[in-house]
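For reference, the chains in residue letters:
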Amino acid sequence: MALSRRGFFKLSAAGAGGLLLSRPTGARAWQSKAPPDALGCLVDLTRCIGCRKCEQACNAVNQLPPPAQAFSDLTLFDRQRRPDARALTVVNRYHSGRVDAQGVLQPDYVKLQCMHCQDPACASACITGALSKRADGAVVYDATKCIGCRYCMVACPFEIPAYEYQDLVTPRVMKCTFCAPLLADGKVPACASVCPTQAISFGRRDRLLQLAHQRLRDQPARYTPHIYGETEVGGTGWLYLSAVPFERLGFLRLPGRPLPRLTETLQKSLFSYLWSPLVLFGLLTALYRRNQRKTMPPDTSLTPPPGGAA
Amino acid sequence: MNAPHPQPAPLRRPFWTPGVLVLLCLVGAAGITLLLRFSGGIGAVSNLSTGRPWGLWVAVDVASGVALAAGGFTTAALCHLFGRHRYAAIERPALLTAMLGYTFVVLGLLVDIGRSWAIWKPVIFQNHHSVLFEVAMCVLVYLHVLYIEFLPIVLERLRQGVRLPGRLQRLSAPLMTTAERLHRPLQRHLWLFLIAGVVLSCMHQSSLGALLLIAPTKLHPLWYSPLLPLLFLTSAIAVGYPMVVVEANLARASLASADEQAVLTPLAGISRYLLGLYLLLKIADLSWRGAWPYLLEGSAQSLAFIIELGLGVLLPWLLLLSARLRRSRRGLFCAAALIVGGVLLNRYNVFVTGFMPPFSGADYSPALGEWLITAGLIASLMLLYRLLVTHLPILVPAAPAPAVPENRPQEDRP
């Protein structure tokens, strides 16, 4: 009894110790897998007029079902929408209290879609690797690998991936593809090319960051001094500039560290070469052998264990 | 021990009882719901949404199912690795529960994942960064390890002689010969599978806790902790024996298996330390992260946490400290049931109550269809348990098994 108790404690302590000890060393070892030449988009919300042309272009290029309300129907702005399985990008209207020179209340429009994180949590979480970050920066989905576990949706900090819950046999995870097929042909994403006010600038992410900083420097009165997506969850491919603080436009306050770092560090430090299971297997085998030798002679009076190797 | 050689034997009990009929009704209701699920998609029967991709099925059928099946590996470790053979009487029922538990975890997964037919794909398309991949591989391998661990029980029954009905009768003899041949090599190598089972369990029990570490902004700070994997592992180990206690009591009451109180009392003695360790870790975790203030939040989350820790861990731990209670059948059953409920609530809290999506789905509560399928899965598990213990030598019958078993119908005790 005493022995078994102590043994259990030892086991638990070994497990705990292993976990704790491996964390700090592993944290240094983790490296971002962000592609160096990632493309991105810079959305300047001060330029967006809420025309919803981007939504329409997205619907067409992705061959999505026609919307319940026409794209020209602006009453839609009366409620807040989220991207879903039938609309991979949506524009919402906010009244943040911003007024123009004449004192007239100005609306702010916010385009939402997948942020194409530099180190996407969805791709790290995906059990089969159906989601992945391409070298050009697009976070893409391969339905042929998907099993529909929806862990990507749990992992996404922006609550972006949607699911075809009504589909019986081949439901898909639905989210902005960054028009990956167009990118592969050297073209511009549909929403960025159609935007009449050039609110969406497309290009290399590092250049877009330079551009954003340039705008902040040139027109400090026009913008709130923050580029959303520069550091959020380790950086995102889509970047935003805004006139009003981002919290007032429904943007989430997110940590600056890439979300896969902790789990990937744990996985790697505990299971690379399966060292910890093998060590545990060895320890338990030793324990088994020792107790078997010890308990063999006197134990015959008791019930012989049916499963024990005699 | 009430008999010199209390051997497990098939329980000759009538199968059709009022309880079984109730279970069958639940299975029937789940069957109808499953038809809806597999004709109209997940959306037809559940409240799952973009913000709430995981609900009751993941929390109960999968996460709790795995945790409550921990009695299998903890009992195997106790009996064989730590050489405590006096616990042999509870080993087989614990193994059966684990085997059925994991079988139903996989069945539950088939209902929950969108492409049930693609469940094999992680074997080919592997993402080694994914915590879920590791969990899936461990569960897959462990399920088969459990089947192998269970095989000796089947072989034992076959070696006692079988007469298959009807046309299958011709197969009886070869079946018995095969059993006879398999018996020895299996016994010789069984320890390998026992140890592998313990290792695999430690791996995926802890990794289940790591699943939500990738969503720090979504899980409520009362639960989100880098220690989640360790907490999941410790609570699974702590709930193993209480689950055995609950089961042994239910089996004794409804199946007239032998009274194992003489074994359950020392088992509860071990549990008191394991649960104490879990409680200590929980308290240390809250203190280290400074999460205590969230208890006074007055939210559904803080209330759920207080119930989980107070009624599910602290209270049963205090109860287990009393030697008199550990000897009392009823008292021990209550304490064990509280622990089981506490772990169940913990898994529900981590995957549902504490999971707070930022935009939508915060108001999720499981749909009727989700409840029906979960209840039906549990009912099927209980029916299979009953079926298997009536035909295989798993439980020790209450009376010393006579040569001619008497089929005296007994009232099911409440």
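Preceding block: the structure.
Residues numbered from 1 in each chain as written. Chains lettered and ligands numbered in written order. Predicted model: local features only at pLDDT ≥ 70, side-chain atom pairs only at ≥ 80, totals over all residues. Heavy atoms only, no water.

**Considering the nonpolar core**
Grouped together as the largest cluster of nonpolar side chains are 191 residues, with contacts concentrated most on Tyr151 and Phe158 of chain A together with Leu81, Leu96, Leu267, Phe351 and Ile394 of chain B. Counting nine residues, the second-largest nonpolar core is a separate cluster that includes Leu42, Leu209, Leu216 and Tyr223 of chain A. (Core = buried A, V, L, I, M, F, W, Y, C linked by side-chain atoms within 4.5 Å. Buried < 20%, exposed > 50% of the residue type's maximum accessible area, 1.4 Å probe, protein only.)

**A few points about a positive patch on the surface**
All names here are of chain A. On the surface, Arg289, Arg290, Arg293 and Lys294 cluster together into a patch of positive charge. In this structure, arginine 290 sits in helix 9 (residues 275-295). Judged by its relative accessible area of 39%, arginine 290 falls in the partly exposed class. (Patch = residues over 30% accessible without salt bridge, like charges linked within 9 Å, V, L, I, M, F, W, Y side chains within 5 Å. Areas by Shrake-Rupley, 256 points an atom, 1.4 Å probe, with all protein chains shown as cover. Salt bridge = Lys/Arg side-chain N within 4 Å of Asp/Glu carboxyl O. Lys, Arg positive; Asp, Glu negative; His and termini not counted. Charge placed at Lys NZ, Arg CZ, Asp CG, Glu CD. Helix = DSSP H or I, 4+ residues; strand = E, 2+ residues; numbered from the N terminus.)

**Some points on the pattern of salt bridges**
Oppositely charged side chains may form a pair once their charged atoms are brought near each other. All names here are of chain A. Within the structure shown, the criterion is met by 18 salt bridges over all chains. For the salt bridge of arginine 93 with aspartate 78, the shortest nitrogen-to-oxygen distance reads 3.0 Å. Within this pair, whereas arginine 93 is found in strand 2 (residues 90-94), its partner aspartate 78 is found in the loop between helix 2 (53-61) and strand 2, the two being separated by 15 residues in sequence. The salt bridge partner of aspartate 108 is arginine 98, with a shortest N-O separation of 3.0 Å. Of this pair, aspartate 108 sits in strand 3 (residues 108-112) while arginine 98 is found in the loop between strand 2 and strand 3, placing the two residues 10 residues apart along the sequence. Within the structure, one salt-bridge network assembled from shared partners comprises Asp37, Arg204 and Asp206.

**Some points on the side chain of threonine 103 of chain B**
All names here are of chain B. The residue threonine 103 is located in helix 4 (residues 88-112) in this model. One polar contact links the side chain of threonine 103 to the main-chain carbonyl oxygen of methionine 99, over a distance of 2.6 Å. Discounting chain neighbours no more than four positions away, the residues touching threonine 103 are Leu143 and Tyr147. (Polar contact = N/O pair within 3.5 Å; in protein donor to acceptor, adjacent residues only side chain to side chain. Contact = heavy atoms within 4.5 Å.)

**Considering the sheet that holds strand 9 (residues 238-241) of chain A**
Residues and elements named next belong to chain A. Across the sheet, which stays open at both edges, the three strands sit in the order 8-1-9 with mixed pairing between neighbours. The open sheet terminates on both sides in strands that have one partner only, identified here as strand 8 (200-204) and strand 9. Taken over all neighbouring pairs, the strand axes of this sheet differ in orientation by 20° on average, direction set aside. The pairing of strand 1 (residues 39-44) with strand 9 spans four bridges and is parallel. Each bridged residue has a counterpart across the sheet, and for cysteine 41 the counterpart in strand 9 is tryptophan 238. Contacts from helix 7 (residues 205-218) reach strand 1, strand 8 and strand 9, with the element oriented near 135° to strand 8. (Pairing = 2+ DSSP bridges. Axes fitted to C-alpha atoms, helices over the stretch in contact; angles between N-to-C directions.)

**A word on the packing of aromatic side chains**
What the rule picks out here adds up to 15 aromatic pairs over all chains. Look at tyrosine 102 of chain B and tyrosine 142 of chain B: their rings are 4.8 Å apart centre to centre, the planes differ by 90°, and that puts the pair in the edge-to-face class. Within this pair, whereas tyrosine 102 of chain B is found in helix 4, its partner tyrosine 142 of chain B is found in helix 6 (residues 131-159), the two being separated by 40 residues in sequence. Tyrosine 102 of chain B sits in the buried class, given a relative accessible area of 0%. Given the relative accessible area of 1%, tyrosine 142 of chain B is considered buried. Three or more aromatic residues link up through ring pairs in this structure, and these residues are Tyr151 of chain A together with Trp54, Phe232 and Phe351 of chain B. Geometry around tryptophan 191 of chain B places arginine 289 of chain A over its ring, the cationic atom sitting 4.8 Å from the centre. (Phe/Tyr/Trp six-rings, centres within 6.5 Å; stacked < 30°, edge-to-face > 60°. Lys NZ or Arg CZ within 6 Å of the ring centre and 35° of its normal.)

**So, helix 9 (residues 261-289) of chain B**
Here helix 9 of chain B contains 29 residues, and its C-alpha end-to-end distance of 41 Å stays within 8% of the 42 Å for a straight helix at 1.5 Å per residue. Backbone geometry just after helix 9 of chain B places glycine 290 of chain B at a positive phi near 65°. (Expected span 1.5 Å × (residues − 1).)

**Considering the packing of helix 1 (residues 18-40) of chain B against helix 13 (residues 368-391) of chain B**
Pairs of packed helices are described in terms of their axes, by the angle between the two and the distance that separates them. Residue and element names in this part refer to chain B. The interhelical angle for the contact between helix 1 and helix 13, taken along N-to-C directions, is 135°, at an axis separation of 7 Å. In terms of orientation, helix 1 and helix 13 fall into the oblique class. Handedness of the crossing formed by helix 1 with helix 13: left-handed. Residues Val20, Leu23, Leu24, Leu26, Val27, Ala29, Ala30, Thr33, Leu34 and Arg37 of helix 1 form the contact with helix 13, whose own contacting residues are Gly369, Leu372, Ile373, Ala375, Gly376, Ala379, Ser380, Met382, Leu383 and Arg386. (Parallel < 35°, antiparallel > 145°, perpendicular 65-115°, else oblique. Left-handed = near helix turned anticlockwise from the far one by under 90°.)

**Observations regarding the layout of surface pockets**
All names here are of chain B. Volume-wise, the largest pocket comes out at about 1300 Å³. Elements supplying a minimum of two residues to the lining of the largest pocket: helix 1, helix 2 (56-68), helix 4, helix 8 (228-255), helix 12 (329-353) and helix 13. At 10 residues, helix 8 tops the list of elements feeding residues into the lining of the largest pocket. Classifying every residue of the lining of the largest pocket gives 25 nonpolar, nine polar and eight charged. (1 Å grid on protein atoms, 1.4 Å probe; cavity = no way out; pocket = protein on both sides within 12 Å on 5 of 7 lines; lining within 4 Å. Points joined across faces, edges and corners; volume = space filled by probe spheres on them. Nonpolar A, V, L, I, M, F, W, Y, C, P; charged D, E, K, R; others polar.)

**Considering the packing of helix 9 of chain B against helix 12 of chain B**
All names here are of chain B. Closest axis-to-axis distance for the helix 9/helix 12 pair is 11 Å, and the angle between their directions is 35°. The element helix 9 and its partner helix 12 pack so that their crossing is left-handed. Counting all contacts with helix 9, which are made through Gln261, Leu264, Thr265, Ala268, Leu275, Tyr278 and Lys282, the residues of helix 12 involved are Arg329, Leu332, Ile339 and Asn346. Class assignment for the residues of the contact of helix 9 with helix 12 results in six nonpolar, three polar and two charged.

**Considering empty space enclosed by the protein**
The full count for this structure, using the stated rule, is 10 cavities of 30 Å³ or more. In this structure, the largest cavity spans a volume of roughly 160 Å³. If you go around the largest cavity, you meet 15 residues; those closest to its centre are Arg82, Leu112, Phe158 and Gly250 of chain A together with Phe359 of chain B. In the lining of the largest cavity, the residues fall into 12 nonpolar, two polar and one charged.

**With respect to the environment of threonine 128 of chain A**
Along the chain, the position of threonine 128 of chain A falls in the loop between helix 3 (121-125) and strand 4 (131-133). When the C-alpha positions of threonine 128 of chain A and aspartate 44 of chain A are compared, they lie 36 Å apart, and in sequence the two are 84 residues distant. Those residues in contact with threonine 128 of chain A that sit more than four places away from it in its chain are Lys145, Cys146 and Ile147 of chain A together with Lys121, Pro122, Phe125, Gln126 and Asn127 of chain B.

**So, unusual backbone geometry**
All names here are of chain A. Positive phi is not limited to glycine here, since tyrosine 273 has a value of about 55°. With respect to the helices and strands, the residue tyrosine 273 is situated in the loop between helix 8 (260-271) and helix 9. We note that leucine 274 has phi near 55°; this positive angle belongs to a residue other than glycine. Of note, leucine 274 is situated in the loop between helix 8 and helix 9. By relative accessible area, which is 46% here, leucine 274 ends up partly exposed.

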